[in-house]
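Coordinate inspection notes
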Amino acid sequence: MSSSNFNEKINPYEVALQQLQEASKILNLDNGMFEILSKPKRILTVSIPTRMDDGSIKVFTGFRSQHNDARGPHKGGIRYHPDVTLDEVKALSMWMTWKCAIANIPYGGGKGGIICNPKQMSENELERMTRRFAYLISDIIGPYRDIPAPDVYTGGKEMAWIMDTYSTLKGNYVQPEVITGKPIAIGGSLGRNEATGRGLAYTVREAAKKRGIDMKQATVVVQGFGNAGQFSSKLVEEQGAKIIAASDSQGAIINTNGISMDALMKFKKETGSIVGFGNAKSITNDELLETECTILIPAALENQITNHNADKIKTQIIAEAANGPTTPEADEILYKKDILVIPDVLANGGGVTVSYFEWLQNLRRDYWTEEEVNNRLDINITKSFYDVYDTHTKYNVHMRKAATLLAVQRVVEAINIRGLWP
Ligand code: GLU
């Protein structure tokens, strides 16, 4: 998703720090503890020499940031995108720490990324780059250290290559529990592919109850049509809502009579984009975000809702499928407008929750039905929704502040109980 020019200077790590600062102030956290949480525990930057199809060598830069592991091994995705920066990966790893704490699963936070444009690379080039990256980070990842997963522009295919490379390097035939989001045939979990969207739809269901919204009357706008955007909107549509506008990195479309998600997903699969989908009008990204609707789902990249457009947003609920789509200034504006934001660290936690289920199944070599996965996800994320919602009413703060507060409390408790070594 292309972001408007005014967004380009916003540094996600500074956004993450500001959120942490605000939560620390309310919790009266001491400076030392704040400092521990403000920096990743370990950051690895690697150069990835890759043989391209024309015989030349290209050296890509990759990162893995391990933010905190007081509650369990680091956990978080790997993204492939030309705009990846170290500060972005650091921010995303901090948000993973909060996300796992809110989901109350035994993981800390991590995130990785490679600066590359996967859309312009062949399958063979992607495989060579991915395997070399897996080798370069192989000493700091592992089933009890750091368990990667998919993120923007990565999926089962990349996870399979990483699993295979890691297993080969470690001399084990298979070690599926080193990574999640794998294809089913090599130890992936049923339901993982849809899990981010499914979890988001469960949180929307609860938020709608809180706001007295009948989902059958609800209209939905979705920004971004990758894995999270597609399944979020499809599963919200299944609750009776009407999707009236959608976008991807190529453009945005609107039809106030409703757009069938099955049809749009099929069209995207066949043509590579949603642009050109019949029976819909083309609009700009800015117009999309400002379209009047009941539920807005940002499912693209960071910094989409800022102090430049927050005031123009006409919705009742924002459910963040993307990580970091809303800036702190925008959060305050939306709060004043009484828009209920289901923050990323809660709304999209279904992905990492089912990653946890996948890891458990891998460790036991014992696999669950899709129904069991979905039921356990529902129970888990619904509980998290109310944990955050109750914190928001108790402290009289917006939902993101409540989510950060709750997460910081849980992580700090673990750090304090474990103590500092030596
Ligand atoms: N990349 C996803 C996220 O941001 C999934 C992480 C995981 O499953 O470990 O939550």
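Everything in this summary refers to the structure shown in the same document. Along every chain, residues carry numbers that run from 1 in the direction the sequence is written. Totals for whole chains, interfaces and linings use all residues, but because this is a predicted model, local features are given only for residues with pLDDT of at least 70 and pairs of side-chain atoms are given and counted only at 80 or more. Neither water nor hydrogens contribute to the side-chain values; these are computed over all heavy atoms in the structure.

**Considerations on the overall build of the protein**
Within the protein, the regular secondary structure consists of 14 helices and 12 strands. For the radius of gyration, the atom set is restricted to C-alpha positions; the globular benchmark scales as 2.2 Å times the number of residues to the power 0.38. By the compact-globule yardstick of 22 Å for 422 residues, the protein fits well, its C-alpha radius of gyration being 20 Å. Projecting the C-alpha coordinates of the protein onto the three principal axes gives extents of approximately 55 × 55 × 45 Å. For each residue, the accessible area found with a 1.4 Å probe, counting protein chains only, is set against the maximum for its type, and the residue is called buried under 20%, exposed over 50%, and partly exposed in between. Looking at the 422 residues of the protein, the share that counts as buried comes to 61%. By the convention used here, residues are in contact when the closest approach between their heavy atoms is within 4.5 Å. Taking contacts inside the protein between residues at least 6 apart in sequence as the whole, the part at least 24 apart equals 70%. Summed over its atoms, the accessible surface of the protein is roughly 17,200 Å², and 49% of this surface lies on carbon and sulfur atoms. Charge counting follows a simple rule: Lys and Arg are positive, Asp and Glu are negative, and His as well as the terminal groups are ignored. Charged side chains are reduced to one point each, which is NZ for Lys, CZ for Arg, CG for Asp and CD for Glu. Side chains of the protein give 48 positive and 49 negative charges; the mean places of these two sets differ by 3 Å. Only DSSP runs of H or I covering at least 4 residues are called helices, and only runs of E covering at least 2 are called strands; the numbering of each starts at the N terminus. All accessibility values rest on the Shrake-Rupley procedure with a 1.4 Å probe; residue burial counts only the protein chains present in the view.

**Let's talk about the packing of aromatic side chains**
Pairs were defined over the aromatic rings of Phe, Tyr and Trp, the Trp ring being its six-membered one, requiring ring centres within 6.5 Å. Orientation was assigned from the angle between planes: stacked under 30 degrees, edge-to-face over 60, tilted for the rest. Scanning the model with the defined rule gives nine aromatic pairs in all. Judged by centre distance (5.7 Å) and plane angle (90°), the ring pair of Tyr-107 and Tyr-356 falls under edge-to-face. In this pair, Tyr-107 sits in the loop between α3 (86-103) and β4 (108-115) while Tyr-356 sits in helix α12 (residues 350-364), placing the two residues 249 residues apart along the sequence. On the basis of relative accessible area, Tyr-107 is assigned to the buried category, the value being 1%.

**Focus: helix α6 (residues 195-211)**
Here α6 is 17 residues long and its end C-alpha atoms lie 24 Å apart, about the 24 Å a rise of 1.5 Å per residue gives. The buried count for α6 comes to 13 of 17 residues, which makes it a mostly enclosed element. Where α6 terminates, the next one or two residues include Gly-212, which has phi positive at roughly 65°. By definition here, a helix of n residues has an expected span of 1.5 Å times n minus one.

**Remarks on α3**
Along its 18 residues, α3 runs 26 Å from first to last C-alpha, staying within 8% of the 26 Å computed at 1.5 Å per residue. Asn-104 occupies a position one or two residues after α3 and carries a positive phi of about 60°.

**Observations concerning the pairing of strand β8 (residues 251-254)**
What makes two strands pair is DSSP finding at least two bridges between them. Bridging between strand β7 (residues 242-248) and β8 involves four bridges; their strand directions are antiparallel. Across the sheet, the residue bridging to Asp-248 is Gly-251, located in β8. Between β7 and β8, which pair antiparallel in sequence order, lie two residues. Sheet topology note: the β8/strand β9 (residues 281-283) ladder contains three bridges and is antiparallel. Its bridge partner being in β9, Ile-254 is matched across the sheet by Lys-281.

**Points about unusual backbone geometry**
That bond from Trp-421 to Pro-422 is cis: its omega, 5°, falls within 30 degrees of zero. Looking at the element boundaries, Pro-422 is found in the segment after α14 (399-418). Here Asn-303, not a glycine, exhibits a phi torsion of approximately 55°, which is positive. The residue Asn-303 is located in the loop between β10 (295-298) and β11 (317-319) in this model.

**Some words on the site of the ligand**
In the vicinity of the ligand, 14 residues are found, and the nearest of them are Lys-75, Lys-99, Pro-150, Asp-151 and Ser-355. Polar contacts, as used here, are pairs of N or O atoms within 3.5 Å; protein pairs need one atom able to donate a hydrogen and one able to accept it. Residues neighboring in sequence count only if both atoms are side-chain atoms. The separation between a nitrogen atom of the ligand and a polar main-chain atom of Pro-150 is 2.8 Å. For the ligand, whose unbound accessible area comes to 290 Å², protein coverage reaches 94%. Along the lines of polarity and charge, the residues of the shell around the ligand split into four nonpolar, five polar and five charged. It suffices for a single heavy atom of a residue to lie within 4 Å of a molecule or strand for the residue to be listed as near it. Note on residue categories: nonpolar means Ala, Val, Leu, Ile, Met, Phe, Trp, Tyr, Cys or Pro, charged means Asp, Glu, Lys or Arg, and polar means any other residue, Gly included.

**Considering the packing of α12 against helix α13 (residues 370-395)**
One way to put it is that α12 packs onto α13 with a least axis distance of 10 Å and a crossing angle of 130°. Taken together, the axes of α12 and α13 lie oblique to each other. For the element pair α12 and α13, the recorded crossing hand is right-handed. Together, Gly-350, Thr-353, Val-354, Phe-357 and Gln-361 of α12 and Val-373, Arg-376, Leu-377, Asn-380 and Ile-381 of α13 make up the contact between the two elements. A per-class count over the contact of α12 with α13 returns five nonpolar, four polar and one charged. Lines are fitted to the C-alpha atoms to define the axes, a helix being fitted only along its stretch in contact, and any angle between axes, read from their N-to-C directions, falls within 0 to 180 degrees. Here the angle decides the label: under 35 degrees means roughly parallel, over 145 means roughly antiparallel, 65 to 115 means roughly perpendicular, and every other value means oblique. Crossing handedness: left-handed means the near helix sits turned counterclockwise from the far one by under a right angle, and right-handed means the same turn made clockwise.

**Quick notes on the sheet that holds β7**
Strands sit in the order β9-β8-β7-β6-β10-β11-β12 across an open sheet of seven strands; the sheet is mixed. Both edges of this open sheet fall to β9 and β12 (340-342), since each of them pairs with a single strand only. Sheet twist, expressed as the mean angle between neighbouring strand axes with direction ignored, is 20°. With two bridges joining them, β10 and β11 adopt parallel strand pairing. Bridged to Leu-296 within β11 is Ile-318.

**Details of the sheet that holds β4**
Sheet architecture is open: five strands sit in the order β1-β2-β4-β3-β5, paired in mixed fashion. Strands with a single pairing partner mark the edges of an open sheet, and in this sheet they are β1 (42-51) and β5 (146-150). Averaged over neighbouring strand pairs, the angle between their axes works out to 20° when direction is ignored. Alignment of strand β3 (residues 74-81) against β4, held across six bridges, turns out to be parallel.

**Concerning the nonpolar core**
If you look at the biggest cluster of nonpolar residues, it comprises 69 residues, and the most contacted ones within it are Leu-37, Trp-98, Leu-264 and Ile-297. Among residues more than four places away in sequence, those in contact with Leu-264 are Phe-225, Ala-246, Ile-253, Ile-259, Ile-274 and Phe-277. Among the nonpolar cores identified, the runner-up in size contains 23 residues, and Ile-48, Met-121, Met-129 and Phe-133 belong to it. Here the nonpolar core consists of buried residues drawn from Ala, Val, Leu, Ile, Met, Phe, Trp, Tyr and Cys, with membership extended through side-chain atoms lying within 4.5 Å.

**Here we look at the pattern of salt bridges**
The term salt bridge refers to a side-chain nitrogen of Lys or Arg lying within 4 Å of a carboxyl oxygen of Asp or Glu. Applying the stated rule across the entire model yields 31 salt bridges. Note that Arg-79 is salt-bridged to Glu-88, the shortest N-O span being 2.9 Å. As far as the burial class goes, Arg-79 and Glu-88 line up, both buried. A salt bridge links Lys-234 to Asp-262, with the shortest nitrogen-to-oxygen separation between them at 3.0 Å. Of this pair, Lys-234 sits in helix α7 (residues 227-238) while Asp-262 is found in helix α8 (residues 261-271), placing the two residues 28 residues apart along the sequence.

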